[in-house]
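# Results of the structural survey
Here is how the chains run, residue by residue.
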Amino acid sequence: ETSLRFPLELICDGALRDGVESLRIFDFKHCFRSLHHNDLPEDRRRQATALGQAASKAYEEAKATSKTGCCALAFTVNWLIFVPLAPPEVGSALELAWRELPPLPPLALTGVFVAPALSRGFPETVGLQVGSRSGKLVSNRAVEEGIPEGTPEYEAASREVRIAAQILEKPIELLRQWVEA
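So, a few notes on the structure that sits alongside this text.

### Side note on the environment of arginine 33
If you trace the backbone, arginine 33 turns up in strand E1 (residues 31-34). Take arginine 33: its relative accessible area is 12%, and that puts it in the buried class. Each C-alpha atom of the pair arginine 33 and glutamate 145 lies 43 Å from the other, and the pair is 112 residues apart in sequence. Look past the residues within four positions of arginine 33 in its chain and what remains in contact with it is Glu21, Ala58, Glu61, Ala62, Asn78, Trp79 and Leu80.

Here's what the structure looks like:
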């Protein structure tokens, strides 16, 4: 048992103390912003108006770093974590993967992971790994089987999503999957 409110609490507290704008645990694009407003008198720092203004300012600053405006956002009264997401093009093969394995709820940014269940599919059902050719945990049949673009089979094969069940054992990979480059 622990007295932590969420798994990454100590990391976030350390980042606040060190005054950094990113968390060392995340190796993908993100912004960590303090909501401390030291320019205010002590008695005003915890007022809802002051907290709201600090959160809004931090959010707008972080949002300016995003190309798409799509994001995952988690915050407390002390900090905000903003992760810009890159939604796939509507109708694309990648959109099928997004629908099957959407971005995790923002709670994951605090270390609490809730993800949809995944069952093993081919090629995992025969003991092979998804990503053996591409090196990615989310791929498609065309990539994994080396089907060249422009061939009759390519279009259908590119729409057959392959998601490695082991991605659920790699929470940072799961978070990173839809982050803006």
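### Considerations on the side chain of histidine 30
Here histidine 30 shows up in the loop between helix H1 (9-18) and E1. Residue histidine 30 is classed as buried on the basis of its relative accessible area, which comes to 10%. A distance of 2.7 Å separates the side chain of histidine 30 from the backbone nitrogen of leucine 23, its partner in a polar contact. A distance of 2.8 Å separates a polar side-chain atom of histidine 30 from the backbone oxygen of phenylalanine 28. Residues contacting histidine 30, with those up to four places away along its chain left out, are Glu21, Ser22, Leu23, Phe82, Val83 and Pro84.

### Describing the nonpolar core
If you look at the biggest cluster of nonpolar residues, it comprises 33 residues, and the most contacted ones within it are Leu23, Phe32, Trp79, Ile81, Val83, Leu109 and Ile167. Of all the elements in the fold, those that place two or more residues in this core are H1, strand E2 (71-75), strand E3 (79-84), helix H3 (93-100) and helix H6 (171-176). Looking at which element gives the most residues to this core, the answer is H1, with four residues. Apart from residues lying up to four places away in sequence, tryptophan 79 is in contact with Phe6, Cys12, Leu16, Phe32, Arg33, Ser34, Leu35, Ala74 and Thr110. With seven residues, the next largest nonpolar core counts Cys31, Ala54, Ala58 and Phe82 among its residues.

### Re H3
The complete set of buried residues in H3 reads Glu95, Ala97 and Trp98. Buried residues in H3, looked at end-on, bunch into an arc of 155°, giving them a common side. Against the buried residues of H3 lie strand E4 (138-140) and strand E5 (161-163).

### Side note on the sheet that holds E1
The sheet built from three strands is open, its strands ordered E1-E3-E2 with antiparallel pairing. The open sheet has two edge strands with one neighbour each: E1 and E2. When strand polarity is set aside, the average angle formed by the axes of neighbouring strands in this sheet is 15°. In this structure, E2 lies alongside E3, joined through five bridges in antiparallel fashion. Residue alanine 74 lies in a different strand from E3, and its bridge partner there is isoleucine 81. Against the sheet, H1 engages E1 and E3, with an angle of about 65° to E1. Packing against the sheet, helix H2 (residues 48-63) makes contact with E1, E2 and E3, and its axis sits at approximately 25° to E3.

Conventions and cut-offs
Residues numbered from 1 in each chain as written. Predicted model: local features only at pLDDT ≥ 70, side-chain atom pairs only at ≥ 80, totals over all residues. Heavy atoms only, no water. Helix = DSSP H or I, 4+ residues; strand = E, 2+ residues; numbered from the N terminus. Buried < 20%, exposed > 50% of the residue type's maximum accessible area, 1.4 Å probe, protein only. Contact = heavy atoms within 4.5 Å. Polar contact = N/O pair within 3.5 Å; in protein donor to acceptor, adjacent residues only side chain to side chain. Core = buried A, V, L, I, M, F, W, Y, C linked by side-chain atoms within 4.5 Å. Arc of directions from axis to C-beta. Pairing = 2+ DSSP bridges. Axes fitted to C-alpha atoms, helices over the stretch in contact; angles between N-to-C directions.

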